Amino acid sequence: MTLSDVAEELEWSPAKLGHIETGIRKWPSVMEISALLHLYGVTGGQREAILTLVRESRLRPWWTEYEDVISSAYVGNEAGAVAVRAYSGILVPDLLQVPDYTALVARALGHGEEGAERMVAAHLKRQEVLEVGGLVRYHAVVEEDALQRISSDLPLLRAQTTRMLELAVSERVTIQLLPTSAGPHPGVAGPFSVLEFDEGEAALAYVEATQGGAIVEAEEAVDSCERVWCELTRISASPEATVGILRRMALLT
(Lines give C-alpha, C1' and ligand atoms only; values in the text may rest on other atoms or scores of the structure.)
Protein backbone atom coordinates (compact mmCIF):
# COMPACT_ATOMS: atom_id res chain seq x y z
CA MET A 1 0.00 0.00 0.00
CA THR A 2 1.25 3.47 -0.77
CA LEU A 3 1.27 6.26 1.78
CA SER A 4 -1.72 7.80 -0.03
CA ASP A 5 -3.61 4.49 0.04
CA VAL A 6 -3.18 4.15 3.80
CA ALA A 7 -3.99 7.80 4.51
CA GLU A 8 -7.18 7.58 2.46
CA GLU A 9 -8.26 4.33 4.12
CA LEU A 10 -7.81 5.80 7.62
CA GLU A 11 -9.07 9.26 6.63
CA TRP A 12 -5.77 10.83 7.68
CA SER A 13 -3.69 13.37 5.81
CA PRO A 14 -0.61 11.95 4.04
CA ALA A 15 1.47 14.43 6.07
CA LYS A 16 0.22 12.97 9.36
CA LEU A 17 1.05 9.42 8.27
CA GLY A 18 4.47 10.56 7.04
CA HIS A 19 5.22 12.14 10.41
CA ILE A 20 4.22 8.95 12.21
CA GLU A 21 6.33 6.73 9.96
CA THR A 22 9.49 8.82 10.22
CA GLY A 23 9.04 9.51 13.93
CA ILE A 24 10.47 13.01 13.50
CA ARG A 25 7.69 15.42 14.37
CA LYS A 26 5.06 13.23 15.98
CA TRP A 27 4.90 10.63 18.73
CA PRO A 28 2.11 8.26 17.61
CA SER A 29 -0.65 7.34 20.01
CA VAL A 30 -1.62 3.77 20.86
CA MET A 31 -4.93 4.30 19.03
CA GLU A 32 -3.15 5.48 15.85
CA ILE A 33 -0.76 2.53 15.77
CA SER A 34 -3.61 0.17 16.63
CA ALA A 35 -5.49 1.46 13.59
CA LEU A 36 -2.45 0.89 11.39
CA LEU A 37 -1.93 -2.63 12.72
CA HIS A 38 -5.58 -3.48 12.08
CA LEU A 39 -5.31 -2.19 8.51
CA TYR A 40 -2.09 -4.13 7.93
CA GLY A 41 -3.50 -7.36 9.39
CA VAL A 42 -1.03 -7.56 12.28
CA THR A 43 -2.54 -9.64 15.09
CA GLY A 44 -1.73 -11.71 18.18
CA GLY A 45 1.58 -11.48 19.99
CA GLN A 46 3.21 -9.35 17.31
CA ARG A 47 0.47 -6.73 17.66
CA GLU A 48 0.80 -6.63 21.44
CA ALA A 49 4.61 -6.39 21.24
CA ILE A 50 4.36 -3.39 18.91
CA LEU A 51 1.76 -1.66 21.08
CA THR A 52 4.04 -2.17 24.09
CA LEU A 53 6.82 -0.40 22.21
CA VAL A 54 4.40 2.44 21.46
CA ARG A 55 3.55 2.84 25.13
CA GLU A 56 7.24 2.81 26.10
CA SER A 57 8.12 5.32 23.36
CA ARG A 58 5.76 7.85 24.88
CA LEU A 59 8.03 8.33 27.87
CA ARG A 60 9.21 11.93 27.93
CA PRO A 61 12.38 12.54 25.86
CA TRP A 62 15.39 14.08 27.62
CA TRP A 63 14.91 17.62 26.30
CA THR A 64 11.56 18.04 28.01
CA GLU A 65 13.46 18.12 31.31
CA TYR A 66 15.15 21.37 30.22
CA GLU A 67 12.17 23.34 28.95
CA ASP A 68 13.06 26.22 31.28
CA VAL A 69 16.33 26.85 29.41
CA ILE A 70 15.82 25.52 25.86
CA SER A 71 13.03 25.30 23.29
CA SER A 72 11.69 21.76 23.53
CA ALA A 73 9.85 22.15 20.22
CA TYR A 74 13.04 23.09 18.40
CA VAL A 75 15.33 20.54 20.04
CA GLY A 76 12.84 17.74 19.33
CA ASN A 77 13.06 18.56 15.63
CA GLU A 78 16.83 19.09 15.79
CA ALA A 79 17.23 15.60 17.22
CA GLY A 80 15.52 14.12 14.15
CA ALA A 81 17.15 16.29 11.48
CA VAL A 82 19.76 15.11 9.01
CA ALA A 83 20.94 18.63 8.16
CA VAL A 84 20.83 21.97 10.00
CA ARG A 85 21.76 25.43 8.78
CA ALA A 86 22.05 27.92 11.63
CA TYR A 87 22.45 31.68 11.92
CA SER A 88 22.44 33.03 15.48
CA GLY A 89 22.97 36.74 15.01
CA ILE A 90 25.27 38.25 17.64
CA LEU A 91 25.73 34.88 19.36
CA VAL A 92 27.81 31.83 18.54
CA PRO A 93 25.32 29.10 17.49
CA ASP A 94 24.33 26.72 20.28
CA LEU A 95 25.97 23.59 18.86
CA LEU A 96 29.33 25.38 18.58
CA GLN A 97 29.42 26.90 22.07
CA VAL A 98 31.89 25.93 24.77
CA PRO A 99 30.38 25.59 28.28
CA ASP A 100 31.78 28.88 29.60
CA TYR A 101 30.26 30.74 26.65
CA THR A 102 26.89 29.04 27.18
CA ALA A 103 26.96 30.00 30.86
CA LEU A 104 27.74 33.61 29.93
CA VAL A 105 24.78 33.71 27.55
CA ALA A 106 22.52 32.11 30.18
CA ARG A 107 23.37 34.82 32.69
CA ALA A 108 22.78 37.51 30.07
CA LEU A 109 19.30 36.03 29.56
CA GLY A 110 18.60 36.42 33.27
CA HIS A 111 19.24 32.89 34.51
CA GLY A 112 20.88 32.36 37.88
CA GLU A 113 23.72 29.93 38.50
CA GLU A 114 21.41 26.92 38.59
CA GLY A 115 19.77 27.96 35.34
CA ALA A 116 23.18 28.52 33.74
CA GLU A 117 24.29 25.05 34.77
CA ARG A 118 21.12 23.55 33.33
CA MET A 119 21.58 25.38 30.04
CA VAL A 120 25.18 24.15 29.82
CA ALA A 121 24.03 20.57 30.47
CA ALA A 122 21.30 20.85 27.84
CA HIS A 123 23.66 22.29 25.22
CA LEU A 124 26.27 19.61 25.85
CA LYS A 125 23.59 16.96 25.38
CA ARG A 126 22.43 18.62 22.15
CA GLN A 127 25.98 18.81 20.84
CA GLU A 128 26.18 15.01 20.86
CA VAL A 129 24.34 15.03 17.50
CA LEU A 130 27.56 16.31 15.92
CA GLU A 131 29.37 13.15 17.01
CA VAL A 132 26.97 10.24 17.35
CA GLY A 133 23.55 11.50 16.26
CA GLY A 134 21.79 11.29 12.93
CA LEU A 135 22.88 14.80 11.95
CA VAL A 136 24.88 14.39 8.74
CA ARG A 137 25.48 18.06 7.90
CA TYR A 138 25.71 21.11 10.15
CA HIS A 139 26.40 24.47 8.50
CA ALA A 140 26.69 27.63 10.60
CA VAL A 141 27.15 31.25 9.64
CA VAL A 142 28.79 33.03 12.57
CA GLU A 143 28.99 36.78 12.87
CA GLU A 144 32.52 38.06 13.47
CA ASP A 145 30.87 40.37 16.00
CA ALA A 146 29.78 37.33 18.04
CA LEU A 147 33.46 36.63 18.77
CA GLN A 148 34.41 40.28 19.16
CA ARG A 149 31.87 40.56 21.98
CA ILE A 150 33.98 38.24 24.13
CA SER A 151 37.34 39.71 23.09
CA SER A 152 37.87 41.18 26.56
CA ASP A 153 37.95 37.65 28.01
CA LEU A 154 40.97 36.17 26.25
CA PRO A 155 40.78 32.67 27.82
CA LEU A 156 37.14 32.38 26.76
CA LEU A 157 37.86 33.71 23.28
CA ARG A 158 40.72 31.23 22.92
CA ALA A 159 38.56 28.34 24.07
CA GLN A 160 35.69 29.31 21.78
CA THR A 161 37.77 29.84 18.65
CA THR A 162 39.69 26.62 19.29
CA ARG A 163 36.45 24.66 19.62
CA MET A 164 35.06 26.16 16.42
CA LEU A 165 38.31 25.33 14.64
CA GLU A 166 38.15 21.71 15.80
CA LEU A 167 34.62 21.41 14.46
CA ALA A 168 35.28 23.32 11.24
CA VAL A 169 37.78 20.71 10.05
CA SER A 170 35.44 17.78 10.77
CA GLU A 171 33.45 16.08 8.02
CA ARG A 172 30.00 16.95 9.32
CA VAL A 173 30.50 20.63 10.13
CA THR A 174 30.88 23.71 7.92
CA ILE A 175 31.46 27.15 9.46
CA GLN A 176 31.55 30.50 7.69
CA LEU A 177 32.47 33.75 9.44
CA LEU A 178 30.45 36.78 8.41
CA PRO A 179 32.71 39.86 8.67
CA THR A 180 31.44 42.95 10.46
CA SER A 181 32.65 44.94 7.46
CA ALA A 182 29.84 43.36 5.41
CA GLY A 183 27.52 45.93 6.97
CA PRO A 184 23.73 45.53 7.27
CA HIS A 185 22.38 42.38 5.62
CA PRO A 186 19.14 40.32 5.53
CA GLY A 187 20.14 38.51 8.73
CA VAL A 188 19.38 41.63 10.76
CA ALA A 189 15.77 40.38 10.84
CA GLY A 190 16.89 37.88 13.46
CA PRO A 191 18.40 34.44 14.13
CA PHE A 192 16.92 31.38 12.43
CA SER A 193 17.69 27.78 11.54
CA VAL A 194 16.61 25.62 8.61
CA LEU A 195 16.24 21.91 9.32
CA GLU A 196 16.14 19.15 6.74
CA PHE A 197 14.84 15.63 7.27
CA ASP A 198 15.12 12.21 5.69
CA GLU A 199 12.47 10.15 3.93
CA GLY A 200 11.12 12.97 1.80
CA GLU A 201 10.02 15.09 4.78
CA ALA A 202 9.65 18.77 4.01
CA ALA A 203 12.20 21.14 5.54
CA LEU A 204 11.15 23.49 8.31
CA ALA A 205 12.55 26.65 9.85
CA TYR A 206 12.85 27.84 13.42
CA VAL A 207 12.74 31.60 13.85
CA GLU A 208 13.93 32.95 17.20
CA ALA A 209 12.27 35.79 19.08
CA THR A 210 12.52 37.48 22.48
CA GLN A 211 9.45 35.71 23.84
CA GLY A 212 10.40 32.31 22.44
CA GLY A 213 10.90 31.11 18.89
CA ALA A 214 8.44 29.58 16.46
CA ILE A 215 8.50 26.55 14.20
CA VAL A 216 7.74 27.58 10.61
CA GLU A 217 6.50 24.89 8.21
CA ALA A 218 4.73 26.86 5.46
CA GLU A 219 6.67 26.36 2.23
CA GLU A 220 6.69 30.07 1.36
CA ALA A 221 8.05 31.02 4.80
CA VAL A 222 10.74 28.33 4.69
CA ASP A 223 11.72 29.48 1.19
CA SER A 224 12.09 33.02 2.55
CA CYS A 225 14.55 31.76 5.18
CA GLU A 226 16.38 29.82 2.47
CA ARG A 227 16.84 33.00 0.44
CA VAL A 228 18.25 34.86 3.44
CA TRP A 229 20.57 31.93 4.11
CA CYS A 230 21.89 31.99 0.53
CA GLU A 231 22.71 35.69 0.86
CA LEU A 232 24.44 35.18 4.21
CA THR A 233 26.67 32.43 2.84
CA ARG A 234 27.43 34.55 -0.22
CA ILE A 235 28.75 37.51 1.77
CA SER A 236 30.55 35.38 4.38
CA ALA A 237 34.13 34.16 4.21
CA SER A 238 34.46 30.76 2.56
CA PRO A 239 34.78 27.71 4.82
CA GLU A 240 38.48 27.47 3.92
CA ALA A 241 39.12 31.14 4.63
CA THR A 242 37.17 30.82 7.88
CA VAL A 243 39.48 28.03 9.08
CA GLY A 244 42.46 30.31 8.42
CA ILE A 245 40.85 33.20 10.31
CA LEU A 246 39.99 30.99 13.28
CA ARG A 247 43.55 29.66 13.41
CA ARG A 248 44.94 33.19 13.52
CA MET A 249 42.47 34.21 16.20
CA ALA A 250 43.29 31.18 18.32
CA LEU A 251 47.00 31.94 18.06
CA LEU A 252 46.63 35.67 18.77
CA THR A 253 44.65 35.08 21.95
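Presented here is an overview of the structure given in this document. (Residues numbered from 1 in each chain as written. Predicted model: local features only at pLDDT ≥ 70, side-chain atom pairs only at ≥ 80, totals over all residues. Heavy atoms only, no water.)

## Some remarks on the sheet that holds strand β5 (residues 204-207)
Judged by pairing direction, the sheet is mixed, and its six strands sit side by side in the order β3-β2-β1-β4-β5-β6 without closing on themselves. Of all the strands in the sheet, just β3 (173-178) and β6 (214-216) have a single pairing partner and so form its edges. When strand polarity is set aside, the average angle formed by the axes of neighbouring strands in this sheet is 15°. Sheet topology note: the strand β1 (residues 83-87)/strand β2 (residues 137-143) ladder contains five bridges and is parallel. Residue pairing across strands places A86 opposite A140, the latter belonging to β2. Sitting on the sheet, helix α5 (residues 72-80) is in contact with β1, β4 (192-196), β5 and β6, with an inclination near 35° to β4. (Pairing = 2+ DSSP bridges. Helix = DSSP H or I, 4+ residues; strand = E, 2+ residues; numbered from the N terminus. Axes fitted to C-alpha atoms, helices over the stretch in contact; angles between N-to-C directions. Contact = heavy atoms within 4.5 Å.)

## Structural notes on the pattern of salt bridges
Scanning all chains against the criterion turns up 13 salt bridges. A salt bridge links R126 to E78, with the shortest nitrogen-to-oxygen separation between them at 2.9 Å. Separated by 48 residues along the polypeptide, R126 in helix α7 (residues 113-126) and E78 in helix α5 bring together distant segments of the chain. R163 is the salt-bridge partner of E166, the closest N and O atoms lying 3.7 Å from each other. With a gap of three residues between them, E166 and R163 both fall in helix α9 (residues 154-168), about one helical turn apart. For E166, a relative accessible area of 47% corresponds to the partly exposed category. Judged by its relative accessible area of 21%, R163 is partly exposed. (Salt bridge = Lys/Arg side-chain N within 4 Å of Asp/Glu carboxyl O. Buried < 20%, exposed > 50% of the residue type's maximum accessible area, 1.4 Å probe, protein only.)

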